[in-house]
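What follows is the residue order along each chain.
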Amino acid sequence: MYTRIVVGIDGSELATKALRHALALAKENKARLFAVTSTEPPVLIAPGAEMMSVNTGEIIEELEKAKASSAQETLEEADALAKAEGVKLEKTHLPSSIAADAILGMADKQGADLIVMGSHGRRGLGRLLLGSQAAEVLARATIPVLVVK
């Protein structure tokens, strides 16, 4: 039924649950499985910054390194689960990208026929909006989306 599946992951419990569903579907359908994780663009908020001078380049560079390391760890954990299920997982980290954009872009790039994702992720204030990224993917996707709760 499905030949190319994209799963959005962020290291959260729900994303892991979504990954497990995607792995089962990929195995059952002998489909290619693409895992994508993204890290949002850096944002620095410094009230009163107009009165001081700070080298934000170094701060942003360190933030990007930390986010890349976390993303790599998330992808490695996903790969370990995939290997345990006997499924080949193609992994991608998209830095400075909003989750919905990353998932939809990957689905388009890979010619996916299914997107699998958790109902909400673990990222900051976005989590309080109960699934803003899932809602965005649902609103914009042109292919079926399986939202795991």
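Our subject is the structure listed above.
Residues numbered from 1 in each chain as written. Predicted model: local features only at pLDDT ≥ 70, side-chain atom pairs only at ≥ 80, totals over all residues. Heavy atoms only, no water.

Considering the overall build of the protein
Link 1 in the chain: Helices and strands together make up the secondary structure of the protein, namely 4 helices and 5 strands.
Link 2 in the chain: In the protein, the succession of helices and strands from N to C terminus is β-α-β-α-β-α-β-α-β.
Link 3 in the chain: Here the contacts in the protein between residues at least 6 apart in sequence split such that 79% fall between residues at least 24 apart.
Link 4 in the chain: Of the accessible surface of the protein, which amounts to about 8,700 Å², a share of 56% is contributed by carbon and sulfur atoms. (Helix = DSSP H or I, 4+ residues; strand = E, 2+ residues; numbered from the N terminus. Contact = heavy atoms within 4.5 Å. Areas by Shrake-Rupley, 256 points an atom, 1.4 Å probe, with all protein chains shown as cover.)

Observations concerning the nonpolar core
Link 1 in the chain: Ile 5, Val 7, Ile 9, Leu 33 and Val 116 are the most contacted members of the largest nonpolar core, which totals 21 residues.
Link 2 in the chain: When contributions to this core are tallied by element, the ones reaching two or more residues are β1 (4-8), α1 (13-29), β2 (32-39), α2 (56-85) and β4 (114-118).
Link 3 in the chain: If one sorts the elements of this core by residue count, α1 sits on top with 6 residues.
Link 4 in the chain: In this structure, Ile 115, Met 117, Ala 134 and Ala 141 belong to the second largest nonpolar core, which totals 15 residues. (Core = buried A, V, L, I, M, F, W, Y, C linked by side-chain atoms within 4.5 Å. Buried < 20%, exposed > 50% of the residue type's maximum accessible area, 1.4 Å probe, protein only.)

Focus on the packing of helix α3 (residues 99-110) against helix α4 (residues 132-140)
Link 1 in the chain: It is at 8 Å that the axes of α3 and α4 come closest, and there the two elements cross at 40°. Handedness of the α3/α4 crossing: right-handed. Of α4, the residues touching α3 (which contributes Ala 99, Ala 100, Asp 101, Ile 103 and Leu 104) are Gln 133, Glu 136, Val 137 and Arg 140.
Link 2 in the chain: The residue makeup of the contact of α3 with α4, split by class, is 5 nonpolar, 1 polar and 3 charged. (Axes fitted to C-alpha atoms, helices over the stretch in contact; angles between N-to-C directions. Left-handed = near helix turned anticlockwise from the far one by under 90°. Nonpolar A, V, L, I, M, F, W, Y, C, P; charged D, E, K, R; others polar.)

Some remarks on the pattern of salt bridges
When charged atoms on two side chains of opposite charge get close, those side chains can pair.
Link 1 in the chain: Summed over the entire model, instances satisfying the criterion amount to 8 salt bridges.
Link 2 in the chain: Salt bridges sharing partners connect three or more residues here, namely Glu 61, Glu 62 and Lys 65. (Salt bridge = Lys/Arg side-chain N within 4 Å of Asp/Glu carboxyl O.)

Here's the deal with the pairing of β4
Link 1 in the chain: Counting buried positions along β4 yields 5 of 5 residues, so the element is predominantly enclosed.
Link 2 in the chain: Burial along β4 is two-sided: Leu 114, Val 116 and Gly 118 and Ile 115 and Met 117, pointing in opposite directions, are all buried.
Link 3 in the chain: Judged from the 3 bridges that link them, β1 and β4 form a sheet pairing that is parallel. Paired with Val 6 across the strands is Ile 115, a residue of β4.
Link 4 in the chain: Note that β4 and strand β5 (residues 145-148) share 4 bridges and pair parallel. (Pairing = 2+ DSSP bridges.)

Considering the packing of α1 against α2
A pair of packed helices is characterised by two quantities: the angle between their axes and the separation of those axes.
Link 1 in the chain: Between α1 and α2, whose axes approach to 10 Å, the crossing angle comes to 35°. In this structure, the crossing between α1 and α2 has a hand that is right-handed. For the pair α1 and α2, contact is made by Thr 16, Leu 19, Arg 20, Leu 23 and Lys 27 and by Ala 78, Leu 81, Ala 82 and Glu 85, respectively.

The values are spatial; any link to function lies outside them.
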